[in-house]
Amino acid sequence: MKKTVKILAIVFAIVLALSLTGCDIDKHIESALDKASSVIDHATEKQDELLDHATQQQDSLLEQGMQMQQDILNGFGGSNEDKELDYDAIIDSFVPDSLNTFVLSVGNAHKPNAAVWLQGSGGAVYSSDESVVTVTDLGKVTAVGEGSAYVIIVGGGKMNACYRYDVVG
């Protein structure tokens, strides 16, 4: 835009100078206008090339972002069905604290924080002893008998949380 204004200013200055000298203004004006038109056409072509290039880059970045999102949802390289979790290993690495260990009476229920991961697709639940606690597909844990059991909740990207429930009569 600034180049166009400069070109028009130059053309105006040439026209003004030629009109004062009494030269054949029509030929000079026509020549100046042809040059200005050529410069504008060239600038428009370059602008179109830049827009095409930017659109291609935007499409490429969008495609890469969608692939990264899919990789995250699939646990970086596969669906949940492709990989079996080792529940025993998860339980063996369990470290109890106030956020993952609960005492329930028989008949009581609890919903651990990780249950929110089950709202989408691809999550799973596991109870180490269903005679002690059962767990629904949406993460509700119910105490059914005395003892201790572990509940593992697996999110769509294979993220998991382990909880210990100590059930008393």
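Only a predicted model underlies this, so the values are computations on that prediction, with no experimental measurement involved.

1. Regarding the nonpolar core
If you look at the biggest cluster of nonpolar residues, it comprises 17 residues, and the most contacted ones within it are V133, V141, V151, I153, Y163 and Y165. Those elements that place two or more of their residues in this core are strand 1 (101-105), strand 4 (133-135), strand 5 (141-143), strand 6 (147-154) and strand 7 (160-168). Looking at this core element by element, the count peaks at four residues for strand 7. By size, the runner-up hydrophobic cluster in this structure holds seven residues, among which are I90, I91, V154 and C162.

2. A word on the environment of G145
Within the secondary structure, G145 is located in the loop between strand 5 and strand 6. The exposure class assigned to G145 is buried, which follows from its relative accessible area of 12%. Beyond its immediate chain neighbours, meaning those up to four positions away, G145 contacts V106, S131, V132 and V167.

3. Some words on the pairing of strand 6
Walk down a regular strand and you will see the side chains alternate between the two sheet faces. Here strand 3 (residues 124-127) pairs with strand 6 via four bridges, running antiparallel. In the sheet register, A124 faces strand 6, and the bridge partner there is V154. What sits between strand 6 and strand 7 in their antiparallel hairpin is a turn of five residues, with K158 showing a positive phi close to 70°.

4. Overview of the sheet that holds strand 3
Pairing is mixed across the open sheet formed by four strands, whose spatial order is 1-7-6-3. Edge positions in the sheet fall to strand 1 and strand 3, since each of these pairs with one other strand and no more. Averaged over neighbouring strand pairs, the angle between their axes works out to 25° when direction is ignored. Alignment of strand 6 against strand 7, held across eight bridges, turns out to be antiparallel. Of the residues in strand 7, the one forming a bridge with Y150 is R164.

5. Some thoughts on the pattern of salt bridges
For side chains of opposite charge, pairing can occur when their charged atoms come near one another. Under the counting rule described, the total for this entry stands at two salt bridges. Notably, a salt bridge pairs K46 with E49, separated by 3.8 Å at the nearest N-O pair. On the criterion of helical spacing, the pair formed by K46 and E49 is a turn pair, its members being three residues apart in helix 2 (residues 25-73). Ionic pairing is found between D166 and R164, a salt bridge with its closest N-O pair at 3.3 Å. Residue classification places D166 among the buried positions, given a relative accessible area of 17%.

Reading the values: the criteria
- Residues numbered from 1 in each chain as written.
- Predicted model: local features only at pLDDT ≥ 70, side-chain atom pairs only at ≥ 80, totals over all residues.
- Heavy atoms only, no water.
- Core = buried A, V, L, I, M, F, W, Y, C linked by side-chain atoms within 4.5 Å.
- Buried < 20%, exposed > 50% of the residue type's maximum accessible area, 1.4 Å probe, protein only.
- Helix = DSSP H or I, 4+ residues; strand = E, 2+ residues; numbered from the N terminus.
- Contact = heavy atoms within 4.5 Å.
- Pairing = 2+ DSSP bridges.
- Axes fitted to C-alpha atoms, helices over the stretch in contact; angles between N-to-C directions.
- Salt bridge = Lys/Arg side-chain N within 4 Å of Asp/Glu carboxyl O.

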